[in-house]
Amino acid sequence: MLDWNDLRYFVAVARHGSTLAAGRALGVDQSTVQRRVGALERHIGRALVQRHPSGYRLTDFGTEMLDAAQRVEQSVAAFEQALVVSRRNVAGVIRLTCPEPLVSRLTQSGLLERFHAKHPAYHVEFVMSDRYVDLRTGEADVALRSGDTDDGALVGRKLGDSLWAVYASRDYVARHGQPASIEALEAHPLAGFDESMARHRASQWLRQVAPNATLVARNDSVLGLLLSVKSGVAIGPLPTALGDADPDLVRVLGPVPALARDWRLLALPEIRQTARVSAFFEFMVAEIEALRPVLTG
């Protein structure tokens with residue numbers, strides 16, 4: 001009988017162009033990929049891929065069968081996600097993804113304690129990341145997210161405003177002064193994000209308004225950016241909720257309108273309708289007034 005699991009090795013080779021890259025993506029060694037694709041070809045009786053000096057290419061037959069194999073992959077992934085959701089429903093777990101600095105603010109606000117008191121059968125677990133976790137993979141159920149959150153697959157609700165301003169440490173201001181305008185940013189050393197966060201709106205904004213500035217601290221998270229500015233080596237953009245709450249920092253410019261976005265609570269439509277996630281949405285919307293200082297400062 002056909003081992004459906006072999007199809008994912010075929011799809012991975014087609015997607016990545018080599019057995020080495022496919023193995024890395026799947027978390028197995030190159031020989032495993034070669035062996036499983038070979039087993040699939042022997043079962044079918046026809047070649048799906050051909051080896052070339054530059055890597056692997058699909059045969060005409062492989063190209064013909066790729067779409068059907070990808071549909072199987074998607075169906076299996078959907079089935080696995082449904083299993084995960086079912087287990088979370090039974091356990092009452094709500095996996096919430098949000099930026100790392102927000103976790104402590106939510107925890108200290110008392111909001112989660114009030115939610116658990118109202119819904120003792122449900123439990124919130126954090127999936128912390130400054131990068132967007134894809135809810136379609138099942139890694140999280142709900143996202144509390146600011147920025148460019150347009151995603152046709154998700155439904156959500158605005159909870160507050162995400163405002164950013166430019167900050168410096170008090171020590172930095174005492175030693176170097178502060179910019180009088182956005183145009184003056186290029187005269188100061190800046191802290192920003194590294195290439196892994198190049199699409200973040202703060203990264204794009206700095207490239208636009210201060211293309212010739214010296215970036216002396218590069219970070220892969222908002223928390224790292226906060227620590228860089230606090231160290232006094234540079235000035236940089238930060239969420240007002242974090243910058244205004246830190247007594248060692250001074251807001252030198254802003255809020256910056258170009259960096260303003262909405263804080264939104266998001267979920268896939270089918271997950272949004274589950275009892276546990278529906279209860280979480282309803283609670284958070286009812287607590288908007290208490291949430292605003294947590295999100296905006």
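Predicted model only: the values in this text are computed from it and were never measured.

J.: Looking at this structure, how should I read the sheet that holds strand β5 (residues 142-145)?
T.: Pairing between the strands of a sheet comes from backbone hydrogen bonds, and it takes one of two forms, parallel or antiparallel. In space, the five strands of this open sheet follow the order β4-β3-β5-β12-β6, with mixed pairing throughout. The open sheet has two free edges, formed respectively by β4 (123-128) and β6 (155-162), since each of these has just one partner strand. Averaged over all pairs of adjacent strands, the angle between strand axes in this sheet comes to 20°, irrespective of strand direction. Here seven bridges tie β6 to strand β12 (residues 261-267), and the two strands are oriented antiparallel to one another. Note on β12: the bridge partner recorded for G160 is W263. Most of the contacts of helix α5 (residues 100-109) go to β4, to which it runs at about 155°, and overall it touches β3 (93-98), β4, β5 and β12. In the packing of helix α6 (residues 111-118) onto the sheet, the strands contacted are β3 and β4, and the crossing angle to β4 comes to about 145°.

J.: Whenever I open this one, the packing of aromatic side chains confuses me. Can you help?
T.: The relation between two aromatic rings is expressed through the spacing of the ring centres and the mutual angle of the planes. With the rule as written, the count across this model stands at two aromatic pairs. Between the aromatic rings of F115 and F280, the centroid separation amounts to 5.3 Å while the plane-to-plane angle is 90°, which identifies the pairing as edge-to-face. Highlighted residues: F115 in helix α6 and F280 in helix α12 (residues 275-286), separated in sequence by 165 residues. When sorted by exposure, F115 lands in the same class as F280, which is buried. Above the plane of the ring of F61 lies R46, whose end atom (NZ or CZ) is 4.0 Å from the centre.

J.: Even after reading the chapter, I still don't get helix α9 (residues 222-231), so can you show me in this structure?
T.: One turn of the α-helix equals 3.6 residues, which is why residues spaced by three or four share an orientation. Taken together, the buried positions of α9 are occupied by V222, G224, L225, L226, S228 and V229. At the exit of α9 stands G232, carrying a positive phi of roughly 90°.

J.: Looking at this structure, I do not really get the layout of surface pockets. What am I missing?
T.: Rolled over the atoms, a probe as big as a water molecule pinpoints where empty space is left. Of the voids in this model, the largest pocket is the one considered here, and its volume is about 720 Å³. Around the largest pocket, the lining is made up of 34 residues, and of these D130, Y132, S146, H200 and R201 lie nearest the centre. For the lining of the largest pocket, the secondary structure elements donating two or more residues are β3, α5, β5, α8 (201-209) and α10 (240-243). Counted by class, the lining of the largest pocket contains 17 nonpolar, nine polar and eight charged residues. In this structure, the second largest pocket occupies an estimated 230 Å³ of space. Around the second largest pocket, the lining is made up of 14 residues, and of these S203, L206, R207, L215 and R218 lie nearest the centre. Its residues placed into classes, the lining of the second largest pocket shows eight nonpolar, two polar and four charged.

Cut-offs applied
Residues numbered from 1 in each chain as written. Predicted model: local features only at pLDDT ≥ 70, side-chain atom pairs only at ≥ 80, totals over all residues. Heavy atoms only, no water. Pairing = 2+ DSSP bridges. Helix = DSSP H or I, 4+ residues; strand = E, 2+ residues; numbered from the N terminus. Axes fitted to C-alpha atoms, helices over the stretch in contact; angles between N-to-C directions. Contact = heavy atoms within 4.5 Å. Phe/Tyr/Trp six-rings, centres within 6.5 Å; stacked < 30°, edge-to-face > 60°. Buried < 20%, exposed > 50% of the residue type's maximum accessible area, 1.4 Å probe, protein only. Lys NZ or Arg CZ within 6 Å of the ring centre and 35° of its normal. 1 Å grid on protein atoms, 1.4 Å probe; cavity = no way out; pocket = protein on both sides within 12 Å on 5 of 7 lines; lining within 4 Å. Points joined across faces, edges and corners; volume = space filled by probe spheres on them. Nonpolar A, V, L, I, M, F, W, Y, C, P; charged D, E, K, R; others polar.

Geometric values such as these leave the question of function open.
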